[in-house]
Structure formats: C-alpha cells, structure tokens
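Here is what each chain is made of, one letter per residue.
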Amino acid sequence: MSRHKISLTVNGQRYDVEVEANRTLLQLIREDLEMTGTKCACERGDCGLCTVLLDGVPTKSCLVLAVEVDGHEVTTVEGLVQGDEINAVQRAFIEHGAVQCGFCTPAFVIAATALLKRNPHPTEDDIKEAMGGILCRCTGYRQIINAILDASKSDKK
Amino acid sequence: MPLPKFDYTRPKTMRKLVSALAEHKADTKIIAGGTDLVVLLRDKIVRPNYVIDVKGVRELHKLSWNKLGLTIGAAVTLNELLDSDVVKQKFGVLWKAASTLADPTIRNRATLVGNVCNASPAADTAPALLVMDAKVEVVGKKGKRTVAIKDFFKGVKKTALKPGEFVRAVKVPNPPEGARGDYLKWGRTAGEDLSVVGVAALVADSGEKLMRVALSSVAPTPLLVPDVESAFKDGGSLDEKIERAVSIVQSKICPISDVRCCKEYRLYMAGVLTSRVLKRLLGVADVQA
C-alpha cells in the first residue's frame with residue numbers, strides 16, 4: 001500500500017505527517033493527532049458526527065481519505081475556542097440544554113458555526129436544512145434549533 | 001475499522017490520469033467526492049488495488065455554460081452546481097434534483113458525475129439528466145466518446161464504461177424554448193435518505209410539443225419512460241391526458257420491495273408523483289400539491 005507525506009493545517013497549526021493510502025481523515029484526527037472531540041460513529045456518512053470544516057466547509061471526515069487533504073485546512077471542535085472563550089454557538093448550546101448524551105454536540109456546534117458564518121441570520125428552515133446531515137440519537141432537535149437561532153442573534157459569533 | 005489496502009495516486013494532468021487508469025484498468029477505482037466509494041470500500045463491495053483521484057486535474061473542476069449547454073466536470077460538487085445561478089434559472093429540474101440528494105454536508109463533497117457513475121437505481125440526479133437528454137463524455141486510452149445518458153445506465157450499479165475509461169464531464173443541452181421542469185422525491189424522511197420514488201418531468205406548452213418523464217427507484221436503472229408524449233396527442237381534457245400518462249408510466253416500470261417500502265406502494269406512489277408533477281408543470285389545480 002502506498003504511503004504519502006502530507007502537510008495540513010489543523011486548528012491553525014501545521015502538521016507534516018505520513019499516512020497510508022487507506023487512512024481516513026477521521027482516523028488521522030482522532031488516532032494520529034489525538035484530537036478526540038470529533039466523534040466516530042457510523043463511518044458511512046449517514047450520521048454526520050465526524051463533521052469537521054475542510055477549508056471552512058462542513059465535511060464528513062469518515063468519507064475523506066487523509067491523503068486527499070494534503071495542503072488543506074481543517075477545523076475541528078477543539079479549534080472553536082479562542083483563548084479561554086467558547087464561541088456564541090457553544091454558549092447557546094449550554095444555555096438551551098441542547099446537549100443530552102453529548103455525542104453529537106461537536107458536530108452540531110461546528111456545522112452551526114459554519115452556517116452562521118455563511119448565513120448570519122438563518123430562518124428555522126435554513127437551520128433544519130443545514131443540519132440535515134447530522135443525527136442526534138437522543139432526538140433533542142428542538143433545543144439544538146433554538147440554540148442556533150439564539151446564537152444567530154448574538155453579536156459575538 | 002481500517003479500510004482495505006490500496007495504492008492512491010492523484011495525477012495532475014488528463015494525460016497522466018488516462019495512462020494511470022489504462023495501466024491497471026479493472027483493478028482501479030476513481031475517487032472524486034468519495035461519498036459513495038469510501039462506503040463501498042468499507043463494505044468490501046469493491047476491492048480495487050488502485051484508487052485514482054481526479055481532483056488533481058484542474059480542468060475537471062470546471063462548470064461552464066455556453067450556447068450549446070452546460071458542462072459539468074467530473075470534480076464539480078453538487079453544492080457548486082446548486083450555487084450556480086445559471087443552473088438554477090435555466091436547468092431548474094437538475095437544480096431541484098441536486099438539492100434533494102442526501103444532505104448539504106454530503107453535497108459539499110459529492111459530485112454529479114459521481115452520482116451518475118455510481119449508477120444507483122435511486123440516483124437523484126439521473127431522472128433530471130434523462131429528461132434533459134444529457135450526454136456523458138467518456139475518455140480512455142483510445143480517445144473520447146460520447147454516450148447518451150439513457151444508454152449509460154446498464155443495470156444496478158453498472159454503466160457503459162469499459163475498463164480503463166472514465167467520465168470527464170456530463171453535458172446538458174440547453175432546454176427547448178419555454179420548457180419547464182421539476183423533480184419530486186418521495187422519501188421516508190425529509191433529508192438524508194434514498195428515494196422511495198423520484199419523478200422528473202420536462203414539458204413545453206400543454207404537453208404536445210415536449211413531454212418527458214423519468215423516474216428513479218422503480219427499475220434496475222433510472223428510467224426515461226418511453227411514449228409518455230402519446231398520452232397528450234389524442235383529445236380529452238388535460239386531466240384525462242395526465243391520467244393516461246400515469247397509466248403509461250405505471251405500465252413501464254418494475255419496482256421491487258426493499259427496506260424502504262413494498263413494490264405495490266412504489267407503483268402507486270410513482271402514479272401519484274407523476275400526476276402531481278405534471279399537474280404542477282401544466283398549471284392544473286391539485287389539492288395535494
């Protein structure tokens with residue numbers, strides 16, 4: 001199997017790593033870089049819990065080969081914190097109790113952060129559409145939608 | 001779980017891509033978005049020793065439009081297609097179909113050409129491409145050939161591609177003057193599921209001039225239903241003509257029962273959706289629309 005030297009930026013920090021062709025981006029993030037905020041669940045693109053931002057765009061990292069992201073920029077949930085400050089979406093999730101078991105939370109938080117960057121004032125339908133690729137196994141969607149709506153009203157996003 | 005082992009290459013030019021593919025032929029799979037391929041690799045449904053990435057070739061990222069129509073390169077994602085005003089305004093049926101495929105996160109990565117090459121009977125963009133009479137541009141070591149989309153699908157997950165060939169682009173001709181199109185997808189949930197039935201239609205005038213209907217998830221391949229236009233040649237009210245079109249559609253499809261629903265329900269819903277989409281496009285009131 002082929003091995004590849006790749007460079008990528010994760011949460012602002014550059015990494016030079018060597019990966020085997022069959023390594024997924026999700027495995028690279030969790031197992032090699034040891035950032036376990038991004039979750040591994042269905043590993044077939046159905047549940048969206050492995051969502052990260054690839055060049056700012058929500059992407060299911062279980063369906064991307066690590067070698068494909070050579071030269072690209074990845075943001076995981078660990079990268080949303082600025083200093084000691086969590087972002088407006090994270091704050092709103094806490095305030096609205098939008099966390100039950102918590103397993104889907106990193107994916108929702110990161111996808112919602114990207115949504116608000118692209119569309120600062122989404123309607124409830126915009127939110128439902130944008131979050132359509134992420135499943136909450138506790139089915140706590142109401143609180144999640146409310147939290148994102150609330151975060152969109154905040155000045156600091 | 002690790003994926004099975006393979007070698008990966010990302011050629012930077014068309015010439016290198018063609019020769020890399022010619023070298024190992026049947027032992028190779030192309031990756032563009034990877035949203036189907038990685039799942040097939042994981043399930044060991046495909047076991048290539050070589051995976052060739054088309055995203056390194058700049059020209060395959062091109063989405064362009066001119067007086068001949070739309071050209072969608074192999075690396076163009078569905079969200080790039082959806083972000084195009086030209087596609088939205090002039091190729092409405094394709095835009096609508098692309099917007100129903102999987103979910104927005106998948107569409108950031110998944111490509112239209114990949115949806116075509118995966119050749120699922122449930123491929124959402126296929127019925128739209130069928131009614132638009134799209135052409136598939138195939139490239140191999142021996143050169144280029146063009147395959148009509150209706151001849152491209154050969155069976156469940158089977159295409160007209162020969163070993164060593166790949167799809168460079170899908171070309172969609174501009175629709176005839178005054179044509180209107182739509183795609184209706186019936187699924188168990190609003191997002192993130194394959195269709196129970198999908199129906200695309202393209203019509204002009206009251207259906208006499210142009211009447212094409214194509215479906216997904218009702219046969220081994222996405223299907224352009226032949227002879228639907230004959231329903232609009234004879235007399236009767238528009239409602240009666242639509243009813244005749246529904247009968248033609250239901251007589252030409254052969255749905256199966258699967259995890260999503262039984263074949264009887266698919267046959268019934270194919271009729272309901274055909275009626276609904278034609279009524280919508282022909283301006284006939286439909287209480288359920």
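Residues numbered from 1 in each chain as written. Chains lettered and ligands numbered in written order. Predicted model: local features only at pLDDT ≥ 70, side-chain atom pairs only at ≥ 80, totals over all residues.

1. Let's talk about the overall build of chain B
Per the secondary structure count, chain B includes 11 helices and 14 strands. Expected size for 289 residues packed as a compact globule is a radius of gyration near 19 Å; at 19 Å, chain B falls within 12% of this value. Dimensions of chain B along its principal axes, counting C-alpha atoms only, are 60 × 45 × 30 Å. The long-range share in chain B, meaning contacts at least 24 apart out of those at least 6 apart in sequence, stands at 62%. (Helix = DSSP H or I, 4+ residues; strand = E, 2+ residues; numbered from the N terminus. Rg over C-alpha atoms; globule rule 2.2 N^0.38 Å. Contact = placed C-beta atoms within 7 Å.)

2. Observations regarding the overall build of chain A
Of regular secondary structure, chain A possesses 5 helices and 5 strands. Walking chain A from its N terminus toward its C terminus, one meets helices and strands in the order β-β-α-β-β-β-α-α-α-α. Radius of gyration (C-alpha) of chain A: 16 Å, near the 15 Å computed for a compact globule of 157 residues. The buried share of chain A, reckoned over its 157 residues, is 46%. In chain A, once contacts between residues fewer than 6 apart in sequence are set aside, the share between residues at least 24 apart is 59%. (Buried ≥ 20, exposed ≤ 12 C-beta atoms within 10 Å, placed from the backbone.)

3. Some remarks on the interface of chain A and chain B
Each partner contributes to the interface: chain A provides 26 residues, whereas chain B provides 23 residues. When residues of the side of chain A that touches chain B are traced back to their parent elements, those giving at least two are strand E4 (57-60) and helix H4 (124-130) of chain A. A breakdown of the residues in the side of chain A that touches chain B according to their chemical character gives 10 nonpolar, 10 polar and 6 charged. (Nonpolar A, V, L, I, M, F, W, Y, C, P; charged D, E, K, R; others polar.)

4. Quick word on the domain arrangement of chain B
Each domain of chain B was delimited in the assignment, giving domain 1 (7-56), domain 2 (58-173) and domain 3 (180-282). Measuring from the centre of the C-alpha atoms in domain 1 of chain B to the corresponding centre in domain 3 of chain B gives 35 Å. (Domains from an automatic or database assignment.)

5. Some points on the nonpolar core
Within the largest apolar cluster, 139 residues are counted, with the highest numbers of intra-cluster contacts made by Leu94, Val116 and Leu129 of chain B. What Val116 of chain B contacts, discounting residues up to four positions off in sequence, is Ala123, Thr125, Ala126, Leu129, Val136, Phe152, Val167 and Val170 of chain B. (Core = buried A, V, L, I, M, F, W, Y, C linked by C-beta atoms within 7 Å.)

6. Quick notes on the packing of helix H3 (residues 105-118) of chain A against helix H5 (residues 141-153) of chain A
Residue and element names in this part refer to chain A. Contact geometry of H3 with H5 gives a least axis separation of 11 Å together with a crossing angle of 35 degrees. The element H3 and its partner H5 pack so that their crossing is right-handed. Packed against H3, whose contacting residues are Phe108, Ala112 and Leu116, the element H5 presents Ile144, Ile148, Ala151 and Ser152 at the interface. Residues that form the contact of H3 with H5 fall into these classes: 6 nonpolar, 1 polar and no charged. (Axes fitted to C-alpha atoms, helices over the stretch in contact; angles between N-to-C directions. Left-handed = near helix turned anticlockwise from the far one by under 90°.)

7. Side note on the domain arrangement of chain A
A common measure of how large an interface is: the accessible area buried when the components associate. Residues and elements named next belong to chain A. You can read the domains of chain A as domain 1 (3-77) and domain 2 (88-153). When each unit is reduced to the centre of its C-alpha atoms, the spacing between domain 1 and domain 2 is 22 Å. Contact with domain 1, which involves 13 residues of that partner, is made by 11 residues of domain 2. Among the secondary structure elements, those contributing two or more residues to the side of domain 1 that touches domain 2 are strand E3 (51-54) and E4. No other element matches E3, which puts 3 residues into the side of domain 1 that touches domain 2. Grouping the amino acids of the side of domain 1 that touches domain 2 by side-chain chemistry returns 7 nonpolar, 5 polar and 1 charged.

8. Here we look at the sheet that holds strand E12 (residues 197-204) of chain B
Residue and element names in this part refer to chain B. Strand order in the open sheet formed by 4 strands is E11-E12-E13-E14, with antiparallel pairing between adjacent strands. What marks the edges here is a single partner per strand, and that holds for strand E11 (180-186) and strand E14 (223-224). Pairing geometry for E12 and strand E13 (residues 210-216), over 7 bridges, is antiparallel. Among the inter-strand pairings, Ala201 is bridged to a residue of E13, identified as Val213. Running over the sheet, helix H11 (residues 263-282) touches E11, E12 and E13 and is turned about 30 degrees from E12. (Pairing = 2+ DSSP bridges.)

9. Topic: the pairing of E11 of chain B
Residues and elements named next belong to chain B. With respect to burial, E11 is a largely interior element, 5 of its 7 residues being buried. Two strands pair when backbone bridges link them, and E11 and E12 are joined in this way by 7 bridges, in the antiparallel orientation. Note on E12: the bridge partner recorded for Lys185 is Gly198.

10. Observations regarding helix H2 (residues 88-95) of chain A
Residue and element names in this part refer to chain A. Ala88, Val89, Gln90, Ala92 and Phe93 are the residues of H2 that are buried. Packing partners of the buried residues in H2 comprise H3 and H5. Taken from the residues just after H2, Gly97 is the one with a positive phi, measuring 60 degrees.

11. Focus: the confidence of the model for chain B
Within chain B, residue pLDDT values average 95, and 99% of them lie at 70 or more. Both scores are given for the predicted complex: the pTM is 0.96, the ipTM 0.96. (pLDDT = per-residue confidence, 0-100.)

12. Details of the sheet that holds strand E3 (residues 50-53) of chain B
Residue and element names in this part refer to chain B. Taken in spatial order, the 3 strands line up as E1-E3-E2 in an open sheet, and their pairing is parallel. The sheet is open, and its two edges are formed by strand E1 (7-9) and strand E2 (28-31), each paired on a single side. Between one strand axis and the next, the sheet turns through 25 degrees on average, direction left out of account. Relative to E3, E1 runs parallel, the two being bridged by 3 bridges. Pairing of Thr9 across the sheet is with Ile52, part of E3.

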